[in-house]
Amino acid sequence: MIIGVPREVKTDEYRVSLVPAGAEILTRAGHTVLVEAGAGLGTSISDAEYAAHGAEVVPSAAEVWARAELIVKVKEPVAEEYPHVRPGQVLFTYFHFAAGEELTRTMLERGCVCIAYETIQEADGSLPLLTPMSEVAGRMAIQEGAKYLERPQEGRGILLSGVPGVPPANIVILGGGIVGLNSAKIAAGIGALVTILDVNVERLRYLDDVMPQNVFTLYSNPVNVRRMLREADLLIGAVLIRGDRAPVLVTREMLGLMKPGAVIVDVAVDQGGCVETIRPTTHSHPTYVVDGIVHYGVANMPGAVAGTSTYALTNVTLPYLRLLAERGWREALAGSHALRMGLNLAEGKVAFAPIADLFGLPYTPPEQIVGAPS
C-alpha cells in the first residue's frame, strides 16, 4: 500500500504522524511511505533521516495526497487540504467531528474513509490512541495554568505551590479520567490543593486511593461545581464523552462565581469544551479574558511539545496503521473491533452514531459498511 505523511498545516502544530522507525517497519513490510519534505522538522526529524529509513521524501503535499491510498496525519484536514481528499481515500488521524460540522459535511462530500484516532476503542473500554495525548495535555494543563496565573498574563498573580506562610493555589479539575489524573499528579507534586470532580464513584474511589493527601475527590453535580468555582484559582476542564460533544458544566453566568484573574484551561475544547465561554485558540494566541477570567483554549496542546508527543503518539498508532496497510481498511476493520470503533465516516455514510445524532444525518452501522466481523 502507498502511505502518505503530509506536513501538518494546522496553526502551531509541530507533530508529525510517523517517525523514521515507523517508516522502516512499513517499508520492510513492502509498503511505500511518502513523506512530504519538512514534515518532521517540528519534531527535529530531518528529511535525510526519513530517507535513510526507507521513506520517499516528496516535495509537495499535493503529491503526497495524490499518490497515497492511505493518509496518516495528526490533526484533522483543514480547508486548504480539503481539495486534495478524494473518494475512497483512507484518512487516519484525530478528527473530533463533534466540534466541526463543516469538516464532517465536507468529508462526507469528498467520499473518503475517516478512521478517527479518538474513537478507536478496545474491548476493555480503553481509548489507546487518545490516552497518550491525554496524558500530555493533562500534564501541560498545569504547566500552562501556572504561567497564565502570573500577573503579567492577566492572572491572579498566584504561585501554585505557595510559600511558607502563604497558602498554595486551589486547583479544581472537572473530570477524573486520563487528563484529570495526569493534571492532578503534576498539581499535587507542585504542592497545590487539588479537587477532582467526577460522576463515577468507582473512579473517585480509585483516585482517592492513589492520590496524595493534598488531592481531594468530590462527586460532580451542579451544586458542587458552583461551590468549587468560588474556590478555584485554576480550573481544568477534563471532561470526555467518546467522540461526542463535551457537556457544558460551567455557564457564562457561573463565571461570576470565580475570583477575578482566575484561569480556565479547558482541555475538552477540541470536543466543544465543558465551559460555555471557551473557544479554540492557538499556541501563538492562547488566551483571552471573559468577565475577568482568563481562558486558555488551545485545541492541540500536545503540539507544543512535539519532541515528546510525536513519539508518544506514534508508539500507539503504528500497530493499527500496519494492520490497515497490510489488510486494507475493509478487511482490517472487519477483523478488529477496536479499528471498527474508529470508523466515523465512509464513502458518504456516517458510521458513528453520536455524529449522526448531533448533526441530524443518517446513520449506517459500521458492520453494514465493512461486513460481518471475521
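Overview of the structure. Just so you know, these numbers come straight off a predicted model, no measurement behind them. (Residues numbered from 1 in each chain as written. Predicted model: local features only at pLDDT ≥ 70, side-chain atom pairs only at ≥ 80, totals over all residues. Heavy atoms only, no water.)

## Digging into the side chain of threonine 93
Then comes step 1: Summarising the element assignment, threonine 93 is placed in strand E5 (residues 90-93).
Then comes step 2: There is a polar contact of 3.4 Å between the side chain of threonine 93 and the backbone oxygen of lysine 73.
Then comes step 3: At a separation of 3.1 Å, a polar atom in the side chain of threonine 93 contacts the main-chain carbonyl oxygen of lysine 75.
Then comes step 4: Discounting residues that sit within four places of it in the chain, threonine 93 has contacts with Lys73, Val74, Lys75, Glu76, Ile115, Ala116, Tyr117 and Glu118. (Helix = DSSP H or I, 4+ residues; strand = E, 2+ residues; numbered from the N terminus. Polar contact = N/O pair within 3.5 Å; in protein donor to acceptor, adjacent residues only side chain to side chain. Contact = heavy atoms within 4.5 Å.)

## Re the pattern of salt bridges
Then comes step 1: One pass over the structure, following the stated rule, counts 19 salt bridges.
Then comes step 2: Put simply, arginine 7 and glutamate 36 hold a salt bridge, and the shortest N to O gap is 3.8 Å. Of this pair, arginine 7 sits in the loop between strand E1 (2-5) and helix H1 (20-28) while glutamate 36 is found in strand E2 (residues 32-36), placing the two residues 29 residues apart along the sequence.
Then comes step 3: For the salt bridge of glutamate 347 with arginine 330, the shortest nitrogen-to-oxygen distance reads 2.9 Å. (Salt bridge = Lys/Arg side-chain N within 4 Å of Asp/Glu carboxyl O.)

## A closer look at the sheet that holds strand E7 (residues 170-174)
Then comes step 1: Reading across from one edge, E9-E8-E7-E10-E11-E13-E12 is the order of the seven strands in this open sheet, with mixed pairing throughout. Each edge of the open sheet is held by one strand with a lone partner, namely strand E9 (215-219) and strand E12 (287-290). Sheet twist, expressed as the mean angle between neighbouring strand axes with direction ignored, is 20°.
Then comes step 2: Sitting on the sheet, helix H7 (residues 201-210) touches strand E8 (193-198) and E9, and the angle it makes with E9 is about 170°. (Pairing = 2+ DSSP bridges. Axes fitted to C-alpha atoms, helices over the stretch in contact; angles between N-to-C directions.)

## Overview of the nonpolar core
Then comes step 1: In terms of nonpolar packing, the biggest core is built from 76 residues, with Phe92, Ile115, Ile171, Trp329 and Leu343 touching the most fellow members.
Then comes step 2: At seven residues, the largest contribution of residues to this core is made by helix H5 (residues 131-148).
Then comes step 3: If sequence neighbours within four positions are ignored, isoleucine 171 has contacts with Ile142, Leu160, Ala187, Ala192, Leu193, Val194, Thr195, Leu234 and Ile236.
Then comes step 4: By size, the runner-up hydrophobic cluster in this structure holds 25 residues, among which are Ala68, Phe95, Val350 and Phe352. (Core = buried A, V, L, I, M, F, W, Y, C linked by side-chain atoms within 4.5 Å. Buried < 20%, exposed > 50% of the residue type's maximum accessible area, 1.4 Å probe, protein only.)

## Some thoughts on the packing of aromatic side chains
Then comes step 1: Here the structure, examined in full by the defined rule, presents four aromatic pairs.
Then comes step 2: With a centroid separation of 4.7 Å and an interplanar angle of 90°, the aromatic rings of phenylalanine 92 and tyrosine 117 are classed as edge-to-face. With phenylalanine 92 in strand E5 and tyrosine 117 in the loop between strand E6 (113-116) and H5, this residue pair connects regions lying 25 residues apart in the sequence. The exposure classification of phenylalanine 92 matches that of tyrosine 117, with both residues buried.
Then comes step 3: By way of ring pairs, the aromatic residues Phe92, Tyr94 and Tyr117 are connected into one cluster.
Then comes step 4: A cation over an aromatic ring shows up here: arginine 279 above the ring of tyrosine 288, its NZ or CZ 3.9 Å from the ring centre. (Phe/Tyr/Trp six-rings, centres within 6.5 Å; stacked < 30°, edge-to-face > 60°. Lys NZ or Arg CZ within 6 Å of the ring centre and 35° of its normal.)

## Section: the packing of H1 against helix H9 (residues 306-327)
Then comes step 1: Relative orientation of the contacting elements H1 and H9 amounts to 20°, with a least axis distance of 11 Å. Looking at the two axes, H1 sits roughly parallel to H9. The chirality of how H1 crosses H9 is right-handed. Contact residues: H1 offers Gly22, Ile25 and Leu26, while H9 offers Leu318, Leu321 and Arg322.
Then comes step 2: Across the contact of H1 with H9, the residue classes break down as four nonpolar, one polar and one charged. (Parallel < 35°, antiparallel > 145°, perpendicular 65-115°, else oblique. Left-handed = near helix turned anticlockwise from the far one by under 90°. Nonpolar A, V, L, I, M, F, W, Y, C, P; charged D, E, K, R; others polar.)

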